[in-house]
Each structure stands twice: as structure tokens, then as C-alpha cells.
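Commentary on secondary and tertiary structure
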Amino acid sequence: MLVGSRSRRSRRAPLRFEVDSEQPKTLRMCQGILQKMIQHKHANIFMRPVDPVALNIPDYFDIVKNPMDLMTVHKRISSGLYDSPSLFEGDMLLIWKNAMLYNPVGNFVHNAAKNMMKDFTGT
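Heads up: these notes are all about the structure in this document.

Conventions and cut-offs
Residues numbered from 1 in each chain as written. Predicted model: local features only at pLDDT ≥ 70, side-chain atom pairs only at ≥ 80, totals over all residues. Heavy atoms only, no water. Axes fitted to C-alpha atoms, helices over the stretch in contact; angles between N-to-C directions. Helix = DSSP H or I, 4+ residues; strand = E, 2+ residues; numbered from the N terminus. Parallel < 35°, antiparallel > 145°, perpendicular 65-115°, else oblique. Left-handed = near helix turned anticlockwise from the far one by under 90°. Contact = heavy atoms within 4.5 Å. Nonpolar A, V, L, I, M, F, W, Y, C, P; charged D, E, K, R; others polar. Salt bridge = Lys/Arg side-chain N within 4 Å of Asp/Glu carboxyl O. Buried < 20%, exposed > 50% of the residue type's maximum accessible area, 1.4 Å probe, protein only.

This brings us to the packing of helix H1 (residues 25-38) against helix H4 (residues 70-78). With their axes 11 Å apart at the nearest point, H1 and H4 run at an angle of 155° to one another. By the angle between their axes, H1 is roughly antiparallel relative to H4. Of the two possible hands of crossing, H1 and H4 adopt the one that is left-handed. Here Leu27, Cys30, Gln31, Leu34 and Ile38 of H1 come into contact with H4, specifically with Leu70, Val73, His74 and Ile77. In terms of residue class, the contact of H1 with H4 is built from seven nonpolar, two polar and no charged.

Here you go:
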């Protein structure tokens, strides 16, 4: 996503979900982490899959081979598709690595991704 390029999606209330008590404790912790990241001030940028047509970035899939977004992570964790926290972590990091790969240093989206990744990793 480029600065000044906004899709015409309507604003939606922040995503909230119940932590699944049937999941192993480590994956419940992942759900809690995801919930916190969804509430991050820049989360709206990474909430849904990038739409290259709406954003007029036709080369997006040439550069980003494995797209990922917060809603996809939410669906995967809610469906029990993560066998371990490391798979969850990999997808979360992929969101921001993709954004930093596509958007140049200094770009708002690049900086937002860097900020969220820092908050996620605690470094």
C-alpha cells in the first residue's frame, strides 16, 4: 500500500473474538497477542489482504510471493490451523516483512510495519 493510496473500504469496528478455551494454553496466548496487535494504532493497514487493483499496484504479487494479513491469521487461529506458536509467529512476521519488502524505506506503510513488528517482537 502506498502513502495516500487508500482503498474505498468502509471503516469497521475493531475485530474482537473470544479466546478459545479448548485450544492449548500456548495457542490461547497467541490469540491474546493477536487481539493486542489488532488494536495497534496501525493495524487497520494490515487487517485485510492487499488489493492490488484497488490500490493500483499491479506489481504487488510479483514482489510479494506469500501475502498475509491479520484477518487471515485470525481465521487460521480460530480454525485451529496452527499446530504451534512458531507457525503463528511466522505468519505474523510475514505481514510486516511483506509490507517492508514492497514499500520503500521512509514510506508510511514501511514505517508502520517496522513499528508493529518491533511491538510484536518486543525488540
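What follows covers the pattern of salt bridges. Evaluated as defined, the whole model comprises one salt bridge. Asp91 is the partner of Arg76 in a salt bridge, and the nearest nitrogen-oxygen pair spans 2.7 Å. Placement of the pair is Arg76 in helix H4 and Asp91 in helix H5 (residues 85-102), with a sequence separation of 15 residues. Judged by its relative accessible area of 30%, Arg76 is partly exposed.

Geometric descriptors of this kind do not, in isolation, establish any biological role.
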